[in-house]
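Architecture and fold: a report
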Amino acid sequence: MSINTKYSPAKAVNGEPLTCTSETTLKPEQLLELYRYLKLTRLVEERIVNLYRQTKVVGGVFRSLGQEATAVGTAYALEPQDFITPLIRDLGAVLVKGIKPRDIFAQYMAKAWGPSGGRDLNIHFGDLEKGFIGPISHLGDMIPVMTGILLGGRFKQKNFVGVAYIGDGGMSTGAFHEGLNFAAVQRLPLIVVAEHNQYAYSTPTSMQTAVKDLAEKAAGYGIAGYIVDGNDVIACYEVMKHAADHARRGEGAVLIEAKTYRRKGHAEHDDQRYVAEGEVEWWEKNNDPLDRFEKYLQQTGVTKEQLGEIGAGVVREIDEDCAWAESSPMPDAEQAAFNVFDNSIVPPAFRPKVLES
Amino acid sequence: MSTTVKKEHRSARPERGGQATLVEAIRQGIWEEMERDPTVFVIGEDVGAYGGAFKVTDGLLDQFGKERVIDTPISEGAIVGASCGAALMGMRPVAEFQFIDFISAGFDLLTNYAAKCRYRWGAGVPAVFRGPCGSGVRSGPFHSLNAESFFLNTAGLKIVEPATAYDAKGLIKAAIRDPDPVLFFEHKKLYRLPRLREELPPDDYIVEIGKARTAHAGRDLSIITFGAMVLTALDAAEELEREGLDVEVIDLRTLAPLDKAAILASVKKTSKAIVLHEASRTGGIGGEIAALIAEEAFEWLDAPVIRVASIDTPVPYAPPLEDYYLPQTKDVVDAARKLAAY
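Values in this document were obtained by computation on a predicted structure and should not be read as measured data. (Residues numbered from 1 in each chain as written. Chains lettered and ligands numbered in written order. Predicted model: local features only at pLDDT ≥ 70, side-chain atom pairs only at ≥ 80, totals over all residues.)

Regarding its fold elements, chain B presents 12 helices and 14 strands. Taken over the C-alpha trace, chain B has a radius of gyration of 20 Å; the compact-globule value for 342 residues is 20 Å, and the two agree within 12%. Seen along its three principal axes, the alpha-carbon backbone of chain B occupies a region of about 70 × 45 × 40 Å. For chain B, the proportion of its 342 residues judged to be buried stands at 56%. Excluding contacts between residues fewer than 6 apart, the proportion of contacts in chain B whose partners are at least 24 apart in sequence is 80%. (Helix = DSSP H or I, 4+ residues; strand = E, 2+ residues; numbered from the N terminus. Rg over C-alpha atoms; globule rule 2.2 N^0.38 Å. Buried ≥ 20, exposed ≤ 12 C-beta atoms within 10 Å, placed from the backbone. Contact = placed C-beta atoms within 7 Å.)

Now for the overall build of chain A. A count of helical and extended segments in chain A gives 11 helices and 10 strands. Against the 2.2 N^0.38 benchmark of 21 Å for 357 residues, chain A shows a C-alpha radius of gyration of 21 Å, consistent with a compact globule. Principal-axis analysis of the C-alpha atoms gives chain A an extent of 80 × 50 × 40 Å. Across the 357 residues that make up chain A, the buried fraction comes to 52%. Long-range pairs, those at least 24 residues apart, make up 76% of the contacts in chain A between residues at least 6 apart in sequence.

The next subject is the domain arrangement of chain B. Residue and element names in this part refer to chain B. In terms of domains, chain B is made up of domain 1 (18-200) and domain 2 (213-340). Taken together, the contact between domain 1 and domain 2 spans 23 residues of the former and 22 residues of the latter. For the side of domain 1 that touches domain 2, the elements supplying multiple residues, two or more each, are helix 6 (148-152), strand 6 (158-160) and helix 7 (165-177). When the residues that make up the side of domain 1 that touches domain 2 are grouped by side-chain class, the tally is 9 nonpolar, 8 polar and 6 charged. (Domains from an automatic or database assignment. Nonpolar A, V, L, I, M, F, W, Y, C, P; charged D, E, K, R; others polar.)

This part covers the interface of chain B and chain A. Listed as interface residues are 36 residues of chain B and, on the opposing side, 38 residues of chain A. Elements that contribute at least two residues to the side of chain B that touches chain A include exactly helix 3 (76-88), helix 4 (107-114), helix 5 (117-121) and helix 10 (285-296) of chain B. Counting residues per element, the side of chain B that touches chain A draws most heavily on helix 3 of chain B, at 9 residues. Its residues assigned to classes, the side of chain B that touches chain A shows 17 nonpolar, 12 polar and 7 charged.

Below, the discussion takes up the pairing of strand 6 (residues 190-196) of chain A. Residue and element names in this part refer to chain A. Taking burial as the measure, the 7 residues of strand 6 include 7 buried ones, the bulk of the element. Going residue by residue along strand 6, you find Leu190, Val192, Ala194 and His196 tucked away on one face and Ile191, Val193 and Glu195 tucked away on the opposite face as well. Bridge count between strand 5 (residues 162-167) and strand 6: 6 bridges; the pairing is parallel. If you follow glycine 167 over to strand 6, its bridge partner there is glutamate 195. As for the winding sense of the linkage, the β-α-β connection from strand 5 through helix 6 (residues 174-185) to strand 6 is right-handed. (Pairing = 2+ DSSP bridges. Right-handed = clockwise from strand over helix to strand, strands pointing away.)

What follows is about the nonpolar core. Grouped together as the largest cluster of nonpolar side chains are 209 residues, with contacts concentrated most on Val72, Ile191, Val192 and Ile256 of chain A together with Ala114, Ile274 and Ala336 of chain B. Considering each element in turn, this core owes the most residues, 10 residues, to helix 8 (residues 233-248) of chain A. A domain split of this core shows at least three residues from each of domain 1 (18-200) and domain 2 (213-340) of chain B. Contacts of alanine 114 of chain B, omitting those with residues within four sequence positions, involve Val80, Cys84, Leu109, Val125, Ala127, Leu157 and Pro181 of chain B. (Core = buried A, V, L, I, M, F, W, Y, C linked by C-beta atoms within 7 Å.)

Looking now at the sheet that holds strand 11 (residues 247-251) of chain B. Residue and element names in this part refer to chain B. Reading across from one edge, 9-11-10-13-14 is the order of the 5 strands in this open sheet, with mixed pairing throughout. This sheet does not close on itself; its edge strands, each paired only once, are strand 9 (213-216) and strand 14 (306-310). Ignoring which end each strand starts from, the neighbouring axes of this sheet average 25° apart. Note that strand 10 (residues 221-225) and strand 13 (residues 273-280) share 3 bridges and pair parallel. Looking at the pairing, isoleucine 224 lines up with valine 275 of strand 13. Where helix 8 (residues 229-241) meets the sheet, its contacts fall on strand 9, strand 10, strand 11 and strand 13, and the angle it forms with strand 11 comes to roughly 170°. (Axes fitted to C-alpha atoms, helices over the stretch in contact; angles between N-to-C directions.)

Moving on, we get to the sheet that holds strand 6 of chain B. All names here are of chain B. With mixed pairing, the 7 strands of this open sheet are ordered in space as 3-2-4-5-7-6-12. Both outer strands of the open sheet, strand 3 (69-71) and strand 12 (254-256), are each paired with one neighbouring strand and no more. With strand direction ignored, the average angle separating the axes of adjacent strands in the sheet is 20°. With 3 bridges joining them, strand 6 and strand 7 (residues 182-187) adopt parallel strand pairing. Considered in strand 7, the bridge of valine 160 is made with phenylalanine 184.

So, on to the packing of helix 1 (residues 28-53) of chain A against helix 2 (residues 68-76) of chain A. Residue and element names in this part refer to chain A. Running from N to C, helix 1 and helix 2 point in directions that differ by 140°, and their axes come no closer than 10 Å. Taken together, the axes of helix 1 and helix 2 are oblique relative to one another. Relative to helix 2, helix 1 is oriented so that their crossing is right-handed. Packed against helix 1, whose contacting residues are Leu34, Tyr37, Leu38, Thr41 and Arg42, the element helix 2 presents Glu68, Ala69, Val72 and Tyr76 at the interface. In the contact of helix 1 with helix 2, the residues fall into 6 nonpolar, 1 polar and 2 charged. (Parallel < 35°, antiparallel > 145°, perpendicular 65-115°, else oblique. Left-handed = near helix turned anticlockwise from the far one by under 90°.)

Another aspect to go through is the pairing of strand 7 of chain B. All names here are of chain B. Taken across its 6 residues, strand 7 has 6 buried, putting it largely inside the fold. On strand 7, burial covers both faces: Val182, Phe184 and Glu186 on one face and Leu183, Phe185 and His187 on the other are all buried. Taken together, the 6 bridges between strand 5 (residues 128-133) and strand 7 define a ladder with parallel strand orientation. Across the sheet, the residue bridging to arginine 130 is phenylalanine 184, located in strand 7.

Excluding glycine, residues mostly have negative phi values, and the peptide bonds linking residues are mostly trans. The peptide bond linking alanine 256 of chain B to proline 257 of chain B adopts the cis configuration, its omega dihedral lying at -5°. The topology assignment puts proline 257 of chain B in the loop between strand 12 and helix 9 (260-270). The phi dihedral of glutamine 198 of chain A is positive, around 80°, even though this residue is not glycine. Relative to the elements of secondary structure, glutamine 198 of chain A occurs in the loop between strand 6 and strand 7 (199-200). One non-glycine residue, serine 271 of chain B, lies in positive phi territory at about 70°. Taking the C-beta count within 10 Å as the criterion, serine 271 of chain B has 18 such neighbours and is therefore assigned partly exposed.

The structure is reproduced here in structure tokens:
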């Protein structure tokens, strides 16, 4: 099976700055909504960094700076009934699926009103109604879990596809292989988005795998493969649309490689000492997904003012949601004991009486 | 290539109740639950056409079809992960490990995904992960495991191991209906043991998870055990009875959550306790139970709590080696005599 490269990374022509592909079925109002999500993703993360610097974030902060288009564009191509399981750098997909920034802020600050009530961090939660299954830290594990979600969907005769995001690092795990292989054998509508952002923590892709393009791995599973420019939000949308149609028609699983670049370290503490001089700066200057999309929109007649208005709306939403999350209390300590099991059957795991005087 | 299989084979639906061995009891239980609830399905290696390595799922494919009886690749990570995902979608998976030794290949998803989902975001994972465990059948280091200790330190997994046919059926049905993940260990030595053949009631019944039973009531000494070691304990009790020692045998049935009340009630009655299990001694559940008794029944004790367990080695293959490895009836009798002397 050959790899579909129609939306492969664009090269700059005659020194002209990169924009986005014009081969799109997206309508003008959809393009603006897509822009809103891209902007929202970047600004939510920037706000989280502010909270982190104010020591309000309890754990680490993980950025998708420079690769937001992959998550936003692919998720935007899905139907409401479709499922996603993102990685930590896929906040954009989570927001597109309808999770509110307030939930994300509350999660980062370990607040009681967050969806996990302070029990877990960042996007480590889920919302079955919205088709969002949060990841765990163990990379690869969500591929077989999503395969099971799709098995469940098939049993219940529901027509949805499932998207599992993975990176160039996570593809080295056994769980990735086991999950994708099983989905391929069962011809389940699983779409794996391999975000090739070139680093797994500090390890470059050349030390993860001997293949040149991650999409080559599709052949090993007998499934369709795509390569897409992960910094072109429209290309990401179009490729996912194509892949989702393929999967929805019952033609089996799909592997999409999105070529992109991680401009920040693994988390905020990471000084990126392992990155070549000037590399991050080159991507920032020449291949920023938000810049590219803004240029594209302006070429199609959208004004700077229109974009500014959308940006201002995003900031208002973030201000409101952040204030809400900050106003949440921390969880009551004793809540730690609840919900290991269904507590109507097994009592909460309170501290033992033997320690009481 | 021909598409017809070599042997045309169709297994009959099991009886509802009647005389049954432990393996027949489990098969009855799964079968009845699949009839009762269309969301119950079976997933594992060779569980379909072949009916499972020990024939626990024999006949299910013919009856329920390949949508509900899924043969998987050799891929425990896929089996566990897919079971978790399907459970989140409202299904009730019954996943089989061909031998419980292979649960190690699904360990990550069991301990990090299945066990923590409800705690992290309130989503229960109602899945059963079952398979043959246990030694004493000359199967060597990779087909003889007792895996409970690997999981006892993980909050969020229930662990069940029946020792009678009645309990096996009642517990597998309870496990399938449970809203949380259940590890269901079936001692392979008990599967077809004639001694365990018993009359099962024709009616639907469950055995509650989390409740121990008294396999033999006594006043002088408690043996706290489970699985195949229940039989060893009962044999020891019979021998000790001839010496005038009245031994109580507690069959835990559920290892997590542990029935602490039953353990403590028995020890408070007899004041002496042996904890007997088949897994290796160090880090085994015996240490946990001994500590529980020391913390909460110290004033009632007339003697130290003694652990009788396998030695700290892999399970060896040759009969003399494996017999040396495993606790024997004589070891339990000797330990009881030692305690009786206090």
